[in-house]
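# A closer look at the structure
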Amino acid sequence: MGYPVSYYCPHCGAVVELEREGYLADKSVTPYPLEGWAYADPADEFEDAEGVHFVCGESDASAVTWTELVSDADDVENPGLESPCGRDFYLSFVKYENGREVESVPGSDYVVIGGQGPASPRGPDPGPRGPGGY
């Protein structure tokens, strides 16, 4: 027997109810997938998955009900965004390996700052040089 559990889209706040088993422990709901987690569609058997991939407002799975509610939580990315927004978000379940909970690691983003800069930092102007250039 499943129970309806409510979540909200982190982009716009649209509230969704997911019929699921009570033994599943939630880790997080994020606008991005956690690195190392495998996600199932809510129309598939997600109880054995590590999480559920939602598209805000776009599932006709029997386990999913999109309510007409919109969350006003502080962590909604864009509260003024049209709801439902159609963007992806991810419900992640607690995951264990060797009896220990696996901590989530955010995906890596590499950023190049400033392009080609000086080879070394420039310090303050040392002022006038003394005799012999020292």
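Structure: above.
Residues numbered from 1 in each chain as written. Predicted model: local features only at pLDDT ≥ 70, side-chain atom pairs only at ≥ 80, totals over all residues. Heavy atoms only, no water.

Here the focus is the sheet that holds strand β2 (residues 14–20). In spatial order, the strands read β1-β2-β5; together these 3 strands make up an open sheet with antiparallel pairing. Strands with a single pairing partner mark the edges of an open sheet, and in this sheet they are β1 (3–8) and β5 (64–70). Between one strand axis and the next, the sheet turns through 30° on average, direction left out of account. Taken together, the 6 bridges between β1 and β2 define a ladder with antiparallel strand orientation. Directly across from Val5, in β2, lies its bridge partner Leu18. (Pairing = 2+ DSSP bridges. Helix = DSSP H or I, 4+ residues; strand = E, 2+ residues; numbered from the N terminus. Axes fitted to C-alpha atoms, helices over the stretch in contact; angles between N-to-C directions.)

Formed by 19 residues in total, the largest nonpolar core has its most connected members in Leu18, Phe46, Phe54 and Trp66. Contributions of two or more residues to this core are made by β2, β4 (51–55), β5 and β6 (88–93). Once residues lying within four places of it in the same chain are set aside, the contact partners of Trp66 are Ala14, Val15, Val16, Phe54, Val55, Cys56, Gly57, Glu58, Ser59 and Phe89. (Core = buried A, V, L, I, M, F, W, Y, C linked by side-chain atoms within 4.5 Å. Buried < 20%, exposed > 50% of the residue type's maximum accessible area, 1.4 Å probe, protein only. Contact = heavy atoms within 4.5 Å.)

This brings us to the state of the cysteines. Taken as a whole and assessed by the stated rule, the structure comprises 0 disulfides. Free cysteine: Cys12, not disulfide-bonded; nearest cysteine sulfur from Cys56 at 3.6 Å. (Disulfide = S-S within 2.5 Å.)

This paragraph deals with the environment of Asp26. Assignment of secondary structure puts Asp26 in strand β3 (residues 26–30). By relative accessible area, which is 35% here, Asp26 ends up partly exposed. Spatially, the C-alpha atoms of Asp26 and Lys95 are 9.3 Å apart, while their sequence positions differ by 69 residues. At 2.9 Å, the side chain of Asp26 and the side chain of Tyr7 are in polar contact. (Polar contact = N/O pair within 3.5 Å; in protein donor to acceptor, adjacent residues only side chain to side chain.)

To continue, consider the sheet that holds β3. The strand order across the open sheet built from 3 strands is β3-β6-β4, with neighbouring strands paired in antiparallel fashion. Two strands lie at the open edges of the sheet, namely β3 and β4, each paired on one side alone. Strand-to-strand, the axes of this sheet are offset by a mean angle of 15°, without reference to chain direction. Across 5 bridges, β4 lies against β6 in antiparallel orientation. Each residue of the ladder has a partner; that of His53, found in β6, is Tyr90.

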